[in-house]
Amino acid sequence: MTAPRIVVVGAGPAGIMAAREAKRRGAAVTLIDEALRPGGQIYRQGDAALASSGVGLPEELAHKRTVLEAFAEVAEAAEAVDYHSGATAYAVFPGPQLHVALADSSRVFEADALILATGVGERAVPFPGWTLPGVLYAGGVQAIMKAHGVRAGDRVAVVGAGPLIIAVAAQLAEAGAEIACVTLLTPLRVMARRPLGLWAGRGVVREGMAYLRQLRRAGAPVLEGWVPVHAEGAPAVESLCVARHDGAGRPLMGSERRFDVDMVAMNFGFTANSELARMAGAEVRFDSVRGGWVPVRNEFGATAVPGVFVAGDGAALRGAFVAAAEGRIVGAAAVLTAGGKGTAELHQELAAEFTERRSHQAFQDALRPTLDLPSGVWSWATDDTVVCRCEGITQGRLRQAVDEGHVTVNGIKRNTRAGMGWCGGRTCLASVAALAAQGQAGPPAETPPMRPRPLARPVPAGILARREP
Amino acid sequence: MSTETTDILIIGAGAYGLSAAWWIGERDTGARVMVLDAGDFAANGTGSCGAGVRMQWGLELSIGLMTESIAFFEDAEKRLDFPGGIEFKQEGYMMLARDADMLGDFQANVERQNALGVPSRILSPEEALKMVPELNPDLLVGAAFCPKDGTVSPFLWLDALLRAIRRAGAEVRFGTTVTRLEQKGGTIVAQTTKGPVEAAKVLVCTDWAAPQLLAPLGIDLPIEAMPNEAMVTEPWQPVFGPCLVRIEHGLFINQLPRGSIVAVVTRELPKDESSSNHADWLPLGAGLFVETLPAFAHLNIVRNWCHPVSITPDMQPILGEMAVPGLFLAVSAYKGFMTSPAVGRLMADVVLDGRSNHPALAAFNLKRFETGDLIPEPLVI
């Protein structure tokens, strides 16, 4: 029997662990990654010459070492994994076959099993001024610190929802920035509703407390139950106005506070990079907290499309620990399924990995309410706020389309051009879907996402023109 | 479910359906018009096309339809009261001749077109390169060019029509599929996913999907669907003027006013109503694009889409009343977007009056497929 060909997309925790597991089980493994060095967004490695990869607290850094050691194991083995860095997976066709842009040409990888570990992108909620220079995604700010050892601002407001906000604010303070304010949509204490989940994640909770202490020492006000109202400045951001909200996300007038800043770091959760899975034909379901439209899978990560698996945050946002455990499950299941093993055997063989995933998942369930966005947040944008940055489409234009009866995401897209630009709709999709849902008087779950088409990421024409045989 | 009634029911809210609805409103007869579409806005052929409009055809009938249509596009902002306009970039179509034989054919076309009032002309390679400096000079011995041709935004065109006909009182509904047409006395009942609609007259503008709707009425239409695929680049400045055509490759390149460059490659494929992308298309499309405009090899391709177009045996439209009284059909044969102003007008006349003296109506009837009087168009891309 020849070894099954397993193609993994994404060299973050899920992808690396899946590749190692498949390799250990005798598969011929190909690993495709967009970045130049392995680790994914969460364990992004800096330029080797910079001593910047130490951003993070001990438990996180220990896990990062584990993941990178797993990469080293498969990359340095005698019959190493076929690893392509700086490579863009831009399409999936039946087979499954994966189309990839390499440095100078494009190539088709035929697979017995395709494991998509493509992670998440950051989710924005547009507010007036959010497109000003100096307003950045919080994860992006962190990535700049990790990869380049650069602090992107000197006097900073960090606004958004969920624990990433606290981590980024503390890391910026550690890097010497003055933290003007930190705002969280929902107080972190809501996690206490699930004490068992907190206990399961006690290591992470301890590190989160350390970040909060660090912020307190730095004198940074942490405002819980607050939201951004507007950013101002010319040509770049100079101030941010924030306000308490009414419980549904709408700012309470009269409670505003204004902070002078030269950078705003913002994050309101994440959107799953589900383009490739959807292109492959996987069904999706809507989960506003776990990434929006996410692929439907079984417990082994298999979609209903034969040979197409999804692992990690790209399947549902649950963080690096779940992703790594799930990577092992999916990597093993892909090989074992190709070898004809049934569900019962898989359960028996992967019992330990399932236990580990469940334990980390419990903590993620406790975190969940901190990332829930009440419907009022989608009213922060005023009529002249640009929502689709690529095409310059404003909230007013989108509302007009909805008022004129265009109440599907695809209909709004073709009527206004929102989502037709460079990013393929990744940035504005959540906003457009929220507006579409208002038009339909139903939840976004009932609005199918924009139709997945190549290319999942832009690729130069010259590279597409040169396809390797 | 109770039956709704209207005077004229139009099925399909693409370029043909909406243009016919607008022209029916222009006649001010007081007829109530309802338009139903199975999808959402611009979901089918019009929304997926390459956006080119041209007079440079080989046949008098085609040239006539396009001369009228381009005159309307020039005036659309005013006629449809659509401030901002429909992004008509009227900077010509340039058809590249790869050898002397092809240039000879183009020369003959230009003479025929000139006799019909089309201001086309032959360009030397130097003149062509002056208009599009990025063009690969090795690809052409000359070109045919008509400055009246150009590109219109299909999305803005549909939006302009949609708003105008709604202002005029027409009812337009998306997400409503007509599943069946039934004759009932002197009227036609359309069974839809949202309940029945009874109308004195029904105009079917669903392009390649028309045969399945008309077959149960005993009407056999020689129309097939063929997939057609396109891609678009990131925006790039400055914008070159003309649309580019390499007819031997079925290649059409169009830089939109906002800077993105659309490339369509039409090729012979088996009949297929699906709009799934083809795994071998991007190397083909990007390959021809880079060969034609080598300076743009660095431009990122952001999207690649596929949608079927309608194919008839002579690649000409089918227009007119069917054997069922009150039932009308307008199918484009892969040029519905660009011919929609003229075809909408003549279909409005046919639907309201039962006749039109437009020569296209007499020529593009369904009977020609029985009698064998086909009207092949030599300049299909």
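Residues numbered from 1 in each chain as written. Chains lettered and ligands numbered in written order. Predicted model: local features only at pLDDT ≥ 70, side-chain atom pairs only at ≥ 80, totals over all residues. Heavy atoms only, no water.

Draft legend 1. Molecular detail of the overall build of chain B. From N to C terminus, chain B includes eleven helices and 18 strands. Pairs at least 24 apart in sequence give 74% of the contacts found in chain B among residues at least 6 apart. For chain B, the separation between the mean place of its 29 positive charges and that of its 45 negative charges on side chains is 5 Å. (Helix = DSSP H or I, 4+ residues; strand = E, 2+ residues; numbered from the N terminus. Contact = heavy atoms within 4.5 Å. Lys, Arg positive; Asp, Glu negative; His and termini not counted. Charge placed at Lys NZ, Arg CZ, Asp CG, Glu CD.)

Draft legend 2. Focus on the pairing of strand β4 (residues 88–93) of chain A. All names here are of chain A. With respect to burial, β4 is a largely interior element, six of its six residues being buried. Of the strand pairs in this sheet, β4 and strand β5 (residues 97–101) are connected by five bridges, and their pairing is antiparallel. In the sheet register, T88 faces β5, and the bridge partner there is A101. In this antiparallel pair of consecutive strands, β4 and β5, the connection spans three residues, and G95 shows a positive phi of 155°. (Buried < 20%, exposed > 50% of the residue type's maximum accessible area, 1.4 Å probe, protein only. Pairing = 2+ DSSP bridges.)

Draft legend 3. View of the domain arrangement of chain A. All names here are of chain A. What the domain assignment lists for chain A is domain 1 (5–121 + 271–349), domain 2 (124–268) and domain 3 (381–446). Domain 2 and domain 3 are separated by 26 Å when their C-alpha centres are compared. If you look at the interface, domain 2 gives six residues, while domain 3 gives eight residues. Summed over both partners, the interface of domain 2 with domain 3 comes to about 640 Å²; 56% of that surface belongs to carbon and sulfur atoms. The largest share of the area that domain 2 buries against domain 3 comes from P126, W130 and T131, three residues that together contribute 64% of it. In this structure, the connection of domain 2 to domain 3 is made through zero salt bridges. (Domains from an automatic or database assignment. Buried area = accessible area lost by both parts, 1.4 Å probe. Salt bridge = Lys/Arg side-chain N within 4 Å of Asp/Glu carboxyl O.)

Draft legend 4. Just the interface of chain A and chain B, in detail. In this complex, chain A contributes 31 residues to the contact, which on the side of chain B involves 35 residues. Our count for the contact surface shared by chain A and chain B stands at four salt bridges. Taking the shortest distance from any N to any O, the salt bridge between B:D40 and A:R414 comes out at 2.2 Å. Elements with a contribution of two residues or more to the side of chain A that touches chain B: β4, β5, α11 (395–403), α12 (409–416), β23 (459–460) and α14 (461–465) of chain A. If you tally residues by element for the side of chain A that touches chain B, the top one is α12(A), at five residues. Looking at the side of chain A that touches chain B residue by residue, the class counts come to twelve nonpolar, ten polar and nine charged. Examined bridge by bridge, β23(A) and strand β16 (residues 300–311) of chain B share two bridges and lie antiparallel to one another. Bridged to A:P460 within β16(B) is B:N300. (Nonpolar A, V, L, I, M, F, W, Y, C, P; charged D, E, K, R; others polar.)

Draft legend 5. Representation of the domain arrangement of chain B. Residues and elements named next belong to chain B. Here the domain parsing of chain B yields domain 1 (4–48 + 155–223 + 314–371) and domain 2 (90–149 + 224–311). Each of domain 1 and domain 2 has a C-alpha centre, and the two are 30 Å apart. Taken together, the contacts link 15 residues of domain 1 with 13 residues of domain 2. Where domain 1 touches domain 2, the interface holds zero salt bridges.

Draft legend 6. Main features of the sheet that holds strand β9 (residues 135–137) of chain A. All names here are of chain A. One open sheet accounts for five strands, arranged β9-β16-β10-β11-β12; its pairing is parallel. The open sheet has two edge strands with one neighbour each: β9 and β12 (222–224). Each neighbouring strand pair of the sheet contributes to a mean axis angle of 20°, computed without reference to strand direction. Sheet strands touched by helix α4 (residues 163–174): β10 (155–160), β11 (178–184), β12 and β16 (263–267). Its angle to β11, the strand with the most contacts, is close to 175°. (Axes fitted to C-alpha atoms, helices over the stretch in contact; angles between N-to-C directions.)

Draft legend 7. Region of the structure containing empty space enclosed by the protein. Residue and element names in this part refer to chain A. By the definition in use, this model includes one cavity of 30 Å³ or more. Empty space within the largest cavity amounts to approximately 50 Å³. As for the largest cavity, its lining consists of V125, P126, V377, W378, A381, Q395, S431 and L435. Its residues assigned to classes, the lining of the largest cavity shows six nonpolar, two polar and no charged. (1 Å grid on protein atoms, 1.4 Å probe; cavity = no way out; pocket = protein on both sides within 12 Å on 5 of 7 lines; lining within 4 Å. Points joined across faces, edges and corners; volume = space filled by probe spheres on them.)

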